[in-house]
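# Notes for the structure review
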Amino acid sequence: MGNFLRSIPLYWAKIIAGSLYALLAIWVITRPREYIYRGTPGKGKWRDLRIWAIILIGIQIFLYIIF
Amino acid sequence: MKELFAQHIDVFLVVVYLLSIFAFGLLFKKFVENTEDYFLAGRALPWWVIGMSIIGTNIGAYDYIGAAGGAYRFGIAQANYEWLGAIPAMIISALVIVPYYWKNKVYTVPEFLGKRYKEGVRVIEAAIYGIFLVMLLGIFFWASGIMLHTYLGWSISMSIVITAIVVGVYTITGGLAAVAITDVVQLGIMFVGGFAVAAVGFIKAGGVGKFFEVLRAAHPQHLKIFLPLNNPAYPWLGMILGLGLVLSPAWWCANQSIIQRTLGARSEWDAKAGMMFAAFPKTLIPVLVVLPGFFALTFAPTGAIHNPDQALPWVVKSFLPPGLGGLVFVAFIAALHSSVDSTLNSAATLWTKDIYQKYIKKAASDKHYLLFGRILTFAFIIFGVIFAPFTDKFPGIYVAMQTLLSFFQGPTLATLLLGVLWWRSTGWGGLWGLVAGVASAVTLSIFRVNFLYVAWWSFVISLIINFIVSLATPSEPPEKLRGLVYKYLEKDSQFAEAVKRRLNG
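Residues numbered from 1 in each chain as written. Chains lettered and ligands numbered in written order. Predicted model: local features only at pLDDT ≥ 70, side-chain atom pairs only at ≥ 80, totals over all residues. Heavy atoms only, no water.

## Focus: empty space enclosed by the protein
Residue and element names in this part refer to chain B.
- Following the criterion strictly, the structure yields one cavity of 30 Å³ or more and no others.
- Counted as a void, the largest cavity has a volume near 50 Å³.
- Looking at the largest cavity, the residues that line it are Tyr 64, Met 190, Gly 193, Gly 194, Val 197, Leu 288, Pro 292, Leu 312, Val 328, Ala 331 and Phe 332.
- With four residues, the single largest contributor to the lining of the largest cavity is helix H8 (residues 156-205).
- Here the lining of the largest cavity is built from residues that sort into nine nonpolar, two polar and no charged. (1 Å grid on protein atoms, 1.4 Å probe; cavity = no way out; pocket = protein on both sides within 12 Å on 5 of 7 lines; lining within 4 Å. Points joined across faces, edges and corners; volume = space filled by probe spheres on them. Helix = DSSP H or I, 4+ residues; strand = E, 2+ residues; numbered from the N terminus. Nonpolar A, V, L, I, M, F, W, Y, C, P; charged D, E, K, R; others polar.)

In structure tokens:
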């Protein structure tokens, strides 16, 4: 098992991390709008936490591509 | 003469900071009338205060020094603790876990686990986190004393007492509101200091591009975000499994100091948005903690740094121009204070709500618990001041406390996740899962397994035992689970009634 893991090229770490971020983004996008806005006094687009999350995930993917 | 002038500027900056934060914190005294005001800021915190307070609490002076040292030694892989090891967990915490806590109107994470499972789970969690937070205070006070002594020449005991007075008075009088608002100011100071260091470093290097060009040429491995499996500190698989999937979610979903701010939110949306907003400054934290390590690596003369943890002190003392060093020093102190005040408030909340009110004095008036919370906060300050010198005599205390807490991270996350996501998980399943997970973490540590893998395997074992014991024991009635698990998170009217019933005992 140890030999197998050591034989995995390092770029696979980036692929796995990127895939986890992509899965998270898909999960976030599929959250119901009603759930995201629950308890908010206004319905402005900026209050959509799905957009906040996608921006955060986008920044993360960018950083992990660069480094 | 120039040096003397710089020293005076530094002392002036520190004194102005201490007096301002003290006066500012005291302004919140008038808003505290009951325990909800004291422990949860009257459930009136807006999202941006929550977010900034979370990061102020999260970043301590130890993180500054240790992370800069990690970056100096291993490079940008250190940033995984702020990125992969934080952002996904913060998003999940905001959208999945925080709403459960907030809607159930709990004061603490153990209280939620006690409602979901059984009182045994609450007692174990409250005891371990309660002891950990109180011990942490002594370590923080000592660190503050050492910093003021090293940089300004004040005696250590006087520095500890000044810290205790400044932070203690506003925490005792203003409660969570004072703590959260001062955290916002302290975070602002930390970022001003951090960006000033970054600007000086890049200017000295001839620009951002030029700096990274030089760094890449001299230390190519330092710009790799993942390191090979044989790296002793940051093996890539451990970073993904242990840090990304276990330690980080455990920290962001179940740490009382972090979660308490969201419990004080004025609405469910503010609670979720507060945690989500915190992820934005978190993304920028490497500018504060990783860049100084890189500057030390690039600019320090050979032999100037013997230990990686000296990287940041070298930057402050030898790299920055006079005056700016003082500003960065104030940023350290602010980082430390924002952790001290949050730890004090959270420790008092845990001991008052989960131990004193639950087991020692059950039916006293709210005023009584408010007074008790304040007395307890005062007692913790005194304990911290007295205990502080011992953390120097026994340097293993900090490591021992961190190790002890790490035994609980994986099992706590497993207990929380199964509790929220799987209706069939039972009280006995939760209790035995927690106990088995902690026992497996202790066993693996005895065999010197890397702590990242300890976290992962104790999480897995806790999940399995919880699953098996739950299936072997009778399921919980739906009435008990309403609003606590995903399946029974039903329409708000039913849920509100269930919460009301539970609050009335």
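We are not done yet, so read on.
## Here we look at the packing of H8 of chain B against helix H13 (residues 291-299) of chain B
All names here are of chain B.
- Put simply, H8 and H13 touch, their axes get as near as 10 Å, and they point 30° apart. The angle between the axes of H8 and H13 places the two elements in the roughly parallel class. Here H8 and H13 pass one another in a crossing that is left-handed. Together, Val 197, Ala 198, Gly 201, Phe 202, Lys 204 and Ala 205 of H8 and Leu 291, Pro 292, Phe 295 and Phe 299 of H13 make up the contact between the two elements. (Axes fitted to C-alpha atoms, helices over the stretch in contact; angles between N-to-C directions. Parallel < 35°, antiparallel > 145°, perpendicular 65-115°, else oblique. Left-handed = near helix turned anticlockwise from the far one by under 90°. Contact = heavy atoms within 4.5 Å.)

## Let's talk about the packing of aromatic side chains
- One pass over the structure, following the stated rule, counts 34 aromatic pairs over all chains.
- With a centroid separation of 5.9 Å and 50° between ring planes, the pair formed by Tyr 21 of chain A and Tyr 64 of chain A is classed as tilted. Of this pair, Tyr 21 of chain A sits in helix H2 (residues 11-29) while Tyr 64 of chain A sits in helix H4 (residues 49-66), and the two are 43 residues apart along the sequence.
- The exposure class assigned to Tyr 64 of chain A is buried, which follows from its relative accessible area of 5%.
- Note on Phe 191 of chain B and Phe 195 of chain B: the rings are 5.8 Å apart at their centroids and 25° apart in plane angle, and the pair reads as stacked. Here Phe 191 of chain B pairs with Phe 195 of chain B, and both are found in helix H8, just four residues apart, close to one helical turn.
- Using a relative accessible area of 11% as the deciding quantity, one classes Phe 191 of chain B as buried.
- By way of ring pairs, the aromatic residues Phe 202, Phe 211, Phe 212, Phe 295, Phe 299, Trp 314 and Phe 319 of chain B are connected into one cluster.
- Seen from the ring of Tyr 107 of chain B, Arg 43 of chain B lies directly overhead, with NZ or CZ sitting 5.6 Å from the centre.
- Of note, Arg 116 of chain B hangs over the ring of Tyr 117 of chain B, and the distance from its end group to the ring centre comes to 4.9 Å. (Phe/Tyr/Trp six-rings, centres within 6.5 Å; stacked < 30°, edge-to-face > 60°. Buried < 20%, exposed > 50% of the residue type's maximum accessible area, 1.4 Å probe, protein only. Lys NZ or Arg CZ within 6 Å of the ring centre and 35° of its normal.)

## Section: the pattern of salt bridges
All names here are of chain B.
- Inspection of the entire model under this criterion finds 14 salt bridges over all chains.
- One salt bridge in this structure joins Arg 122 and Glu 119, with 4.0 Å as the shortest N-O distance. Of the two residues, Arg 122 and Glu 119 are both situated in helix H7 (residues 119-152); the distance of three residues between them amounts to about one turn of the helix.
- Residue classification places Arg 122 among the buried residues on the basis of a relative accessible area of 7%.
- The exposure class assigned to Glu 119 is partly exposed, which follows from its relative accessible area of 31%.
- Salt-bridge contacts for Asp 354 lead to Arg 122; the nearest nitrogen and oxygen are separated by 2.7 Å. (Salt bridge = Lys/Arg side-chain N within 4 Å of Asp/Glu carboxyl O.)

## So, the packing of H7 of chain B against helix H15 (residues 324-360) of chain B
All names here are of chain B.
- The contact between H7 and H15 brings their axes to 8 Å, and the two run at 155°. When the axes of H7 and H15 are compared, the pair comes out roughly antiparallel. Read as a crossing pair, H7 and H15 show a hand that is left-handed.
- Considered class by class, the residues forming the contact of H7 with H15 number 26 nonpolar, eight polar and five charged.

That is the geometry; function is a separate question.
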